[in-house]
Amino acid sequence: MGEITLGVEEEFVLLDPSTGAAVLAGPVLARMLDGEPGVQQEVMRFQVETATRVCTSLDDLGRELIRLRRLAAGAAVSAGCLLVASGMAPYSAPGLAALTDRPRYQDLARRFGPLVAGAGGACGCHVHVGVPSRDLGVQVLARLWPWLAPLLAITANSPIADGRDTAWASCRYPTWSRWPTASVPEMWPDAAAYDAAVRHLIGQGAALDEQGIYFPARLSPRYPTVEVRVADACLDVGTAVLLAGLTRALVATALAEIGQGTPLPGAPASGVNAALAAAARHGLAGPAIDPFTGHAADARSTVSRLIDHVYPALSDHGDAQTIIGLLRRLDRQGTGADRQRALFASAASPPAFARALARATRIDSDAGHAGMDMERTIQR
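This section reports on the structure supplied with the text. Since we're looking at a predicted model, the values are computed, not measured.

1. Some words on the overall build of the protein
Phase 1 of the analysis: Of the regular secondary structure elements, the protein holds 14 helices and eleven strands.
Phase 2 of the analysis: On C-alpha atoms alone, the protein measures out to a radius of gyration of 19 Å, which is about the 21 Å that the 2.2 N^0.38 rule sets for 380 residues.
Phase 3 of the analysis: Along the first, second and third principal axes, the C-alpha atoms of the protein reach 60 × 50 × 40 Å.
Phase 4 of the analysis: Here the protein holds 380 residues, and the buried ones make up 59% of them.

Right under this line is the structure:
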């Protein structure tokens, strides 16, 4: 199997170190890093987005993620705020008053004001994986749906919002899923049918444009990739690399199955959506839903099933050792949601919690990475 390219977009919140509140410093960071194409403004001014270059290995990707986090975190400190990787701001945010002053975002707010106010500040980790054609990409999407829930469970990282524990491992997911196009859709036979469905949704007013189609996985409107959008912003680089490696292996497995004529597995959209809701609620710390049967399952068993499914692809890319090591690290340290809850319980105040999240966000960056060994650096 040839190398399959990948890239990652990470969204971050900017917090005040003295209060923990969201800070409208995104435009300031964008100006400070004007020469870096990998750092961009987001929908809300208390957010910033980074985007890696196209990578062919997980080592390469890890270095890029560390470089960009270090760059953005340093700029945030210079701007008097903290860069934090969390699916939602942990304390109240200003709503539409924080909207970035760009025409598309203004149009989005006019069309979907309450949704933008509530979900506009949600932060995700989006993985792009290269595909040979859009027709194959559509077929890949149909084979990805059943595996999205364990990816969400692994990356759940937003239990705290409005200064309280929401009882969700990912409160970002139910907030984000209020968008009209955010649920798992029908399956399409080819790119023409996919494009027709997208045009229909836009024509109905369910989305502003193609970029506003928020399927949990979709054909990227900008790149020749499948884009998996279901994950929370990952608390640390290791989890982001784990997500990216598993996503690429899922795409590679799907392409191999398509080439071999393997029948499409039966997993109705209702079962996939139920599995996603359970993953968002519990992460890896509670029950899950098997999307194939709709029956209750153990969350960690769904991850084991995922690994069994993609292990040949992981081996083909030389990623198996890294991914297994990162899963062991996840078992030791817990998910981002587990770690956030522990930090929240031990923090004496909102600013102490914000600072703890910022340290967790950049801990891999501070570790140093000259000649980075993935096994040693991101598994700390």
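2. So, the pattern of salt bridges
Pairing between side chains of opposite charge can happen when the charged atoms of each approach one another.
Phase 1 of the analysis: As enumerated under the stated definition, the model contains 19 salt bridges in all.
Phase 2 of the analysis: The salt bridge partner of Glu9 is Arg222, with a shortest N-O separation of 3.0 Å. Taken together, the residues Glu9 in strand β1 (residues 6–15) and Arg222 in the loop between β8 (217–219) and β9 (225–232) connect sequence positions 213 residues apart.
Phase 3 of the analysis: According to the relative accessible area criterion, Glu9 is buried, its value standing at 5%.
Phase 4 of the analysis: Measuring nitrogen to oxygen at the nearest pair gives 2.3 Å for the salt bridge that ties Arg134 to Asp195. In this pair, Arg134 sits in helix α4 (residues 134–144) while Asp195 sits in helix α7 (residues 191–204), placing the two residues 61 residues apart along the sequence.
Phase 5 of the analysis: Overall, Arg134 belongs to the partly exposed group, its relative accessible area being 35%.
Phase 6 of the analysis: Taken together, the shared-partner salt bridges connect Glu36, Arg53, Asp60, Glu64 and Arg67 into one network.

3. Observations regarding the packing of aromatic side chains
Phase 1 of the analysis: Evaluation of the coordinates by the stated rule reveals nine aromatic pairs.
Phase 2 of the analysis: Ring plane angle 80 degrees and centroid distance 4.9 Å describe the contact between Trp188 and Tyr194, whose orientation is recorded as edge-to-face.
Phase 3 of the analysis: According to the relative accessible area criterion, Tyr194 is buried, its value standing at 2%.
Phase 4 of the analysis: Geometrically, the ring pair formed by Tyr194 and Phe215 is edge-to-face, given 6.3 Å between the ring centres and 75 degrees between the ring planes. Here Phe215 lies in the loop between α7 and β8 and Tyr194 lies in helix α7, a separation of 21 residues in the sequence. Here the two residues Tyr194 and Phe215 agree in accessibility, since each one is buried.
Phase 5 of the analysis: Pairwise contacts between aromatic rings join Tyr91, Phe344 and Phe353 into one cluster.
Phase 6 of the analysis: Note that Arg172 overlies the ring of Trp176, its terminal NZ or CZ placed 5.0 Å from the centroid.
Phase 7 of the analysis: When the ring centre of Trp168 is taken as reference, the NZ or CZ atom of Arg281 above it lies at 4.9 Å.

4. Remarks on the nonpolar core
Phase 1 of the analysis: Core analysis: the largest hydrophobic core is formed by 110 residues, its most contacted members being Leu141, Leu144, Leu151, Trp179, Leu246 and Leu276.
Phase 2 of the analysis: Broken down by element, the residue count for this core peaks at 14 residues, all from helix α8 (residues 237–260).
Phase 3 of the analysis: Ignoring any residue separated from it by four or fewer positions in sequence, one finds Leu246 in contact with Leu151, Ile154, Leu306, Ile307, Val310 and Ile323.
Phase 4 of the analysis: Counting residues in each nonpolar core, the second largest holds 15 residues, with Leu14, Leu29, Val48 and Ala76 among its members.

5. Thoughts on the packing of helix α5 (residues 148–155) against helix α10 (residues 299–316)
Phase 1 of the analysis: Two numbers describe how α5 lies on α10: the axes approach to 9 Å, and their chain directions differ by 120 degrees. Comparing their axes, α10 and α5 come out oblique. For the pair α5 and α10, the sense of crossing is left-handed. Where α5 approaches α10, its residues Pro150, Leu151 and Ile154 are matched on the opposing element by Thr302, Val303 and Leu306.
Phase 2 of the analysis: Across the contact of α5 with α10, the residue classes tally to five nonpolar, one polar and no charged.

6. A word on unusual backbone geometry
Phase 1 of the analysis: A positive phi angle is found at Asp162, which is not glycine, with a value near 55 degrees.
Phase 2 of the analysis: Tracing the sequence through the fold places Asp162 in the loop between β6 (160–161) and β7 (164–165).
Phase 3 of the analysis: The phi torsion at Ala167 lies on the positive side, around 75 degrees, for a residue other than glycine.
Phase 4 of the analysis: With respect to the secondary-structure elements, Ala167 resides in the loop between β7 and α6 (172–176).

7. Focus: the state of the cysteines
Any covalent bond linking the sulfur atoms of two cysteines counts as a disulfide.
Phase 1 of the analysis: Scanning the model with the defined rule gives zero disulfides in all.
Phase 2 of the analysis: Cys123 provides the cysteine sulfur closest to Cys81, a residue in no disulfide bond, and the two sulfurs are 13 Å apart.
Phase 3 of the analysis: Using a relative accessible area of 2% as the deciding quantity, one classes Cys81 as buried.
Phase 4 of the analysis: This cysteine, Cys123, is not joined by any disulfide, and Cys125 carries the nearest cysteine sulfur, 11 Å off.

8. Topic: the side chain of Gln340
Phase 1 of the analysis: When you line up the elements, Gln340 lands in helix α12 (residues 336–346).
Phase 2 of the analysis: In contact with Gln340, not counting residues within four places along its chain, are Ser86, Asn157, Ser158, Pro159, Ile160, Phe353 and Leu357.

9. Things to note about empty space enclosed by the protein
Phase 1 of the analysis: Under the counting rule described, the total for this entry stands at two cavities of 30 Å³ or more.
Phase 2 of the analysis: By volume, the largest cavity amounts to about 80 Å³.
Phase 3 of the analysis: Lining the largest cavity are 14 residues, with Ala149, Ala153, Ala279, Ala288 and Thr302 sitting closest to its centre.
Phase 4 of the analysis: Within the residue set of the lining of the largest cavity, elements represented by two or more residues are α5, α9 (269–282), β10 (287–289) and α10.
Phase 5 of the analysis: Classifying every residue of the lining of the largest cavity by side-chain character gives twelve nonpolar, two polar and no charged.

What counts as what
Residues numbered from 1 in each chain as written. Predicted model: local features only at pLDDT ≥ 70, side-chain atom pairs only at ≥ 80, totals over all residues. Heavy atoms only, no water. Helix = DSSP H or I, 4+ residues; strand = E, 2+ residues; numbered from the N terminus. Rg over C-alpha atoms; globule rule 2.2 N^0.38 Å. Buried < 20%, exposed > 50% of the residue type's maximum accessible area, 1.4 Å probe, protein only. Salt bridge = Lys/Arg side-chain N within 4 Å of Asp/Glu carboxyl O. Phe/Tyr/Trp six-rings, centres within 6.5 Å; stacked < 30°, edge-to-face > 60°. Lys NZ or Arg CZ within 6 Å of the ring centre and 35° of its normal. Core = buried A, V, L, I, M, F, W, Y, C linked by side-chain atoms within 4.5 Å. Contact = heavy atoms within 4.5 Å. Axes fitted to C-alpha atoms, helices over the stretch in contact; angles between N-to-C directions. Parallel < 35°, antiparallel > 145°, perpendicular 65-115°, else oblique. Left-handed = near helix turned anticlockwise from the far one by under 90°. Nonpolar A, V, L, I, M, F, W, Y, C, P; charged D, E, K, R; others polar. Disulfide = S-S within 2.5 Å. 1 Å grid on protein atoms, 1.4 Å probe; cavity = no way out; pocket = protein on both sides within 12 Å on 5 of 7 lines; lining within 4 Å. Points joined across faces, edges and corners; volume = space filled by probe spheres on them.

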